[in-house]
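Residue-level structure breakdown
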Amino acid sequence: MFAAERRQLILEMVRANGAVSLRELARVVQTSEVTVRRDVRALEAEGLLDRRHGGAVLPGGFTRESGFPQKSHLATAEKTAIADLAANFVEEGEAIVVGAGTTTQELARRLARVPGLTVVTNSLLVAQALAHANRVEVVMTGGTLRGSNYALVGSGAEQSLHGLRVSRAFLSGSGLTAERGLSTSNMLSASVDRALVQAAAEVVVLADHTKLGTDTMFQTVPTDLITRLVTDEPPAHDDRAATELQALADQGVQIAVAGGQGGSAGAAAGGPGGDAVPARQQRRDVPLPGPRRQVPGAGGQLRSASASMLGEQGPGAERARVADLRRR
């Protein structure tokens, strides 16, 4: 296929889906990711699309937000690995909040197996994934349905979260930077996500490497309120994502990296009383360098049962510590 034909096909795919990963583009046009990246760069120079880490999106920058159908096709393998790993941070009997998003939807599918769990969510997709989980109680916020991402937003959603206290919030977004934290392109979604953060003692952000270094219009969680980031291993050529990870770790965010095939994130030993983490769920953590500020209004260790916080001894509390996340 000639370069002009490849680029036309790439442009058609991005226009049809809103956002497409480099891996998927390379598969469809039957060439390498290096070649596709060069094509995407050329199309961006013409103003026909915008590059993102690991993919390409319709032009629009800070103001454009892809809908659910487009997001669901971007970085799917990475989201699956992140959800597998993030599920390890949820224990029996916990009460948690789970925000809207395609990555949090993947997490919810794995939470269906956690007994005694209470999940508060504003996402219809998260609720649907847990609808038939007999041992999981689902609490939905009120609010107005936002059809593009199947989430409840507005004052009704925010008011229903007042007075709520849970142990952890699991959130996703459109971009994540060390300077500004988690952000999204929609004001209503950002406002509800901030209310979810206020209800939690810890905040866990789920973001694949394509979102690292990307900044969007509305801040949802500042960096100093993010307890942990669960992400995937950035490609070797993605210096910007790796630099952003290091900057987040330097600011005290614990980094858990989902291992790819062969466990590229490093070996993970079993914790006290637990088995070793399976290869697809391997992780590396960067411990907090000092005290962190609590989310305002959230106090202490908040549980719906007497499960221990992650990192204490208990079932499913495997940990793999790596003291530094510096570039190899």
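Procedures and definitions
Residues numbered from 1 in each chain as written. Predicted model: local features only at pLDDT ≥ 70, side-chain atom pairs only at ≥ 80, totals over all residues. Heavy atoms only, no water. Helix = DSSP H or I, 4+ residues; strand = E, 2+ residues; numbered from the N terminus. Buried < 20%, exposed > 50% of the residue type's maximum accessible area, 1.4 Å probe, protein only. Contact = heavy atoms within 4.5 Å. Areas by Shrake-Rupley, 256 points an atom, 1.4 Å probe, with all protein chains shown as cover. Pairing = 2+ DSSP bridges. Right-handed = clockwise from strand over helix to strand, strands pointing away. Axes fitted to C-alpha atoms, helices over the stretch in contact; angles between N-to-C directions. Parallel < 35°, antiparallel > 145°, perpendicular 65-115°, else oblique. Nonpolar A, V, L, I, M, F, W, Y, C, P; charged D, E, K, R; others polar. Patch = residues over 30% accessible without salt bridge, like charges linked within 9 Å, V, L, I, M, F, W, Y side chains within 5 Å. Salt bridge = Lys/Arg side-chain N within 4 Å of Asp/Glu carboxyl O. pLDDT = per-residue confidence, 0-100.

**A look at the overall build of the protein**
- A tally of regular secondary structure across the protein gives ten helices and 15 strands.
- Here the protein, with 328 residues, has 55% of them falling under the buried criterion.
- Within the protein, counting contacts between residues at least 6 apart in sequence, those at least 24 apart form 69% of the total.
- By element, 51% of the accessible surface of the protein is carried by carbon and sulfur atoms, the whole surface being about 14000 Å².

**A look at the pairing of strand β15 (residues 254-258)**
- Judged by how many residues are buried, β15 sits mostly within the fold: five of five residues are covered.
- With burial as the criterion, each face of β15 is covered, one bearing Q254, A256 and A258 and the other bearing I255 and V257.
- Here strand β14 (residues 228-232) runs beside β15; their pairing, made up of five bridges, is parallel. Looking at the pairing, R228 lines up with Q254 of β15.
- For the crossover that starts at β14, traverses helix α10 (residues 239-250) and ends in the parallel β15, the hand is right-handed.

**Considering the packing of helix α2 (residues 22-29) against helix α3 (residues 33-45)**
- Remark: α2 packs on α3, axes separated minimally by 9 Å, with the N-to-C direction vectors making an angle of 105°. The orientation of α2 relative to α3 falls into the category roughly perpendicular. On α3, the residues touching L22, R23, L25, A26 and V29 of α2 are E33, V36, R37 and V40.
- Among the residues forming the contact of α2 with α3, the class breakdown is six nonpolar, no polar and three charged.

**Some thoughts on a nonpolar patch on the surface**
- A cluster of nonpolar side chains, L124, M140, L145 and Y150, forms an exposed patch at the surface whose accessible area comes to about 330 Å².
- With respect to the helices, strands and loops of the structure, Y150 is situated in the loop between β7 (144-146) and β8 (151-153).

**Quick notes on the confidence of the model for the protein**
- In the predicted model, the protein carries a mean pLDDT of 76, and 73% of its residues have values of at least 70.
- The model gives residues 68-73 a pLDDT under 50, and that stretch makes 16 contacts with residues more than four places away or in other chains.
- Note on residues 260-328: pLDDT under 50 across the span, and 156 contacts to partners over four residues away in sequence or across chains.

**Here we look at unusual backbone geometry**
- Unlike most non-glycine residues, Q30 shows phi in positive territory, near 60°.
- Structurally, Q30 can be placed in the loop between α2 and α3.
- Assessed through its relative accessible area of 73%, Q30 is described here as exposed.
- Although it is not a glycine, Y150 adopts a positive phi angle of roughly 55°.

**Points about the environment of A195**
- You can see A195 is positioned in helix α9 (residues 187-198).
- C-alpha of A195 to C-alpha of L161: the two residues are 34 residues apart in sequence and 6.6 Å apart in space.

**Quick word on the pattern of salt bridges**
- What the rule picks out here adds up to eleven salt bridges.
- Ionic pairing is found between R6 and D39, a salt bridge with its closest N-O pair at 2.7 Å. Placement of R6 in helix α1 (residues 3-17) and of D39 in helix α3 is noted, with a sequence separation of 33 residues between them. As far as burial versus exposure is concerned, R6 and D39 are alike and both buried.
- With its nearest N and O atoms 2.4 Å apart, the salt bridge here joins R109 to E106. Of this pair, R109 and E106 both sit in helix α6 (residues 102-111), three residues apart, which is roughly one turn of the helix.
- Exposure remark for R109: the relative accessible area of 41% places this residue in the partly exposed category.
- Three or more residues joined by partner-sharing salt bridges are found here, namely D84, E106, R109 and R110.

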